[in-house]
Structures are given as structure tokens and as C-alpha cells.
Amino acid sequence: MARGKIQLKRIENPVHRQVTFCKRRAGLLKKAKELSVLCDAEIGMFIFSAQGKLYDLATKGTMQSLIEKYMKCSSGDQADDEAKETQILDTKEEINMLKNEIELLQNGLRYMLGGGAGTMKLDELHVFEKHLEFWIYHIRSTKMEIMFQEIQLLQNKEGILKAANNYLQEMIEDQTGITNIAPMITPYPLTTQNEIFQT
């Protein structure tokens, strides 16, 4: 079944507006990260919520380095020699940034697992926290998709069983001429979803 077209206008209900903002923000950040990985692109994003909270994403390196790169590119009046030299420097800087990011992630993992010596700096923890938030979002969205598929499957099974039950009920009524048969009561209690997860 196709979804209806969403009318683009401000959502009046503040709870619905906040939920939509969170979902769409997360989706936008996920798509930006995927574009960066698939196409080896450098992406920088700023998102300000209605309350003024900042959400940003720098897929390679830091946001400051992306802004500096943008400022260099937007100035425009550079000679070819300077551009080639800058490209070489940018490549070296990118290699250094990637090394730093790998080291930061390794330190963060050691820190989380308790095997790291010393403590992490505040900016390192901030970057590591952003990576963890992205991973957590990805895990939760995958989990929600799987749960939604399982719910759909169970609803389909329920519909099939109801149809089969109605068909059998009609067959019994046609063969015996008896109507209003009481549903069968099984001597065994049915297992509920909560009982499954508690065991």
C-alpha cells in the first residue's frame, strides 16, 4: 500500500513537530554519512532546532577544517600552481586527520573497555560521543525495521488464521446444521509476548 503525499507545512502539534524533527534530522544525518562513505565526499552540516540547539556533522576530520577548506575554495582567485600545492597539502592534512581520527577511536575503545592508560581530553570525548550517537542511531533504526517487519508478519498470520477459522466455522455449520458453536477452550494457557521475554 502506497503512502499518501505529505503536505509540507508547519506541524502545529509541538509533540508531533519534535518527533518529526528528531526522525528527519537523524535520517538526514544518516544519508549524509552514507553519501560520504559511498562517494568519498567531505560533508559538513549544521542543523539548529527550534529551541536553538546545534546539531552538526563533519564526515571527515573536523568542522573547522571543512569550513577552512570551504573558505579557500570560495575565494576563487588562485593560480594553478597554488591550487596544486594546496591539493598536496590538503592530502597530507587529510591523511593526518584520518590518522588522528583512527587514533582517537582506538583510544576511545580502549577507554571504554577499561584498558586505556590515562584519560581522554574533552574534545576527544566530544568527537567520540558523536561517533557513538551515530552508531547507536544506526543500531536502533535497524532494530526498529526488524521489529516492524516481524509485527507485519504476525499481523498477516493473524489475518490468515482468522480467515481459516471463519471458513472452518462455516464448514461445520453447513455439515451439521448447528449454528452458534462456542469457541473451543484449550486446557493449556496461551503464552503471551511478555512471558516469552521474561524467560
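Scope of this entry: the structure provided in the associated data block. (Residues numbered from 1 in each chain as written. Predicted model: local features only at pLDDT ≥ 70, side-chain atom pairs only at ≥ 80, totals over all residues. Heavy atoms only, no water.)

## Remarks on the pattern of salt bridges
Under the counting rule described, the total for this entry stands at seven salt bridges. Here K31 ties to E34 by a salt bridge, and the two come within 4.0 Å at their closest N and O atoms. Residue K31 and its partner E34 are both found in helix α1 (residues 14–39); the two are separated by three residues, about one turn of the helix. The exposure class assigned to K31 is exposed, which follows from its relative accessible area of 55%. Using a relative accessible area of 31% as the deciding quantity, one classes E34 as partly exposed. E158 is paired through a salt bridge with K162; the nearest N and O atoms lie 3.5 Å apart. Of this pair, E158 and K162 both sit in helix α4 (residues 122–176), four residues apart, which is roughly one turn of that helix. One continuous salt-bridge network, built from bridges that share partners, spans D40, K60 and E94. (Salt bridge = Lys/Arg side-chain N within 4 Å of Asp/Glu carboxyl O. Helix = DSSP H or I, 4+ residues; strand = E, 2+ residues; numbered from the N terminus. Buried < 20%, exposed > 50% of the residue type's maximum accessible area, 1.4 Å probe, protein only.)

## Let's talk about a nonpolar patch on the surface
Judged by side-chain polarity, F46, F48, L54, I67, Y70 and M71 come together as a nonpolar surface patch covering roughly 660 Å² of accessible area. Those elements that provide at least two residues to the nonpolar patch are β1 (44–48) and α2 (63–75). Ranked by residues supplied to the nonpolar patch, first place goes to α2 with three residues. Tracing the sequence through the fold places Y70 in helix α2. (Patch = residues over 30% accessible without salt bridge, like charges linked within 9 Å, V, L, I, M, F, W, Y side chains within 5 Å. Areas by Shrake-Rupley, 256 points an atom, 1.4 Å probe, with all protein chains shown as cover.)

## Points about the pairing of strand β2 (residues 54–58)
Side chains Y55 and L57 of β2 all project onto a buried face; the interleaved residues L54, D56 and A58 project onto a face where none is buried. Relative to β2, β1 runs antiparallel, the two being bridged by five bridges. In the strand pairing of β2, M45 is matched with L57. Taking the residues between adjacent antiparallel strands as the criterion, β1 and β2 are bridged by five residues, where G52 takes a positive phi near 90°. (Pairing = 2+ DSSP bridges.)

## As for the side chain of K33
As for its placement among the helices and strands, K33 is situated in helix α1. Residue K33 is classed as buried on the basis of its relative accessible area of 19%. K33 has contacts with L57, T59, H131 and F134, leaving out every residue within four places of it along the chain. (Contact = heavy atoms within 4.5 Å.)

## Remarks on α1
Over its 26 residues, α1 runs 37 Å from end to end, which matches the ideal 38 Å to within 8%, given 1.5 Å per residue. All of the buried residues in α1 are R25, A26, L29, K30, A32, K33 and S36. For α1, the secondary structure elements touched by its buried residues are β1, β2 and α4. One side-chain oxygen of the residue at the start of α1 lies 3.0 Å from the amide nitrogen of V15, identifying that residue as N13. Phi turns positive, to about 55°, at D40, one or two residues after α1. (Expected span 1.5 Å × (residues − 1). Polar contact = N/O pair within 3.5 Å; in protein donor to acceptor, adjacent residues only side chain to side chain.)

## Thoughts on the packing of aromatic side chains
This model, assessed by the stated rule, comprises one aromatic pair. A ring pair is formed by F21 and Y55, whose centres lie 5.9 Å apart and whose planes are at 55°; its orientation type is tilted. Separated by 34 residues along the polypeptide, F21 in helix α1 and Y55 in strand β2 bring together distant segments of the chain. Taking the relative accessible area as the measure of exposure, F21 reaches 22% and is therefore partly exposed. Positioned above the aromatic ring of Y55, the side-chain terminus of R25 is 4.0 Å from the ring centre. (Phe/Tyr/Trp six-rings, centres within 6.5 Å; stacked < 30°, edge-to-face > 60°. Lys NZ or Arg CZ within 6 Å of the ring centre and 35° of its normal.)

## Quick word on α4
Its 55 residues place the ends of α4 79 Å apart at the C-alpha level, agreeing with the 81 Å of an ideal helix rising 1.5 Å per residue. F128, H131 and S141 are the residues of α4 that are buried. Residue G177 follows α4 closely and has a positive phi angle near 80°.

## Description of the nonpolar core
Membership of the largest hydrophobic core is limited to seven residues, which are L29, A32, I43, M45, I47, Y55 and L57. Listing elements by their share of this core, those giving two or more residues are α1, β1 and β2. With residues near it in sequence (within four places) discarded, I47 still touches F21, R25, L28, L29, K53, L54 and Y55. (Core = buried A, V, L, I, M, F, W, Y, C linked by side-chain atoms within 4.5 Å.)

Spatial relationships are all this shows, so hold off on functional conclusions.
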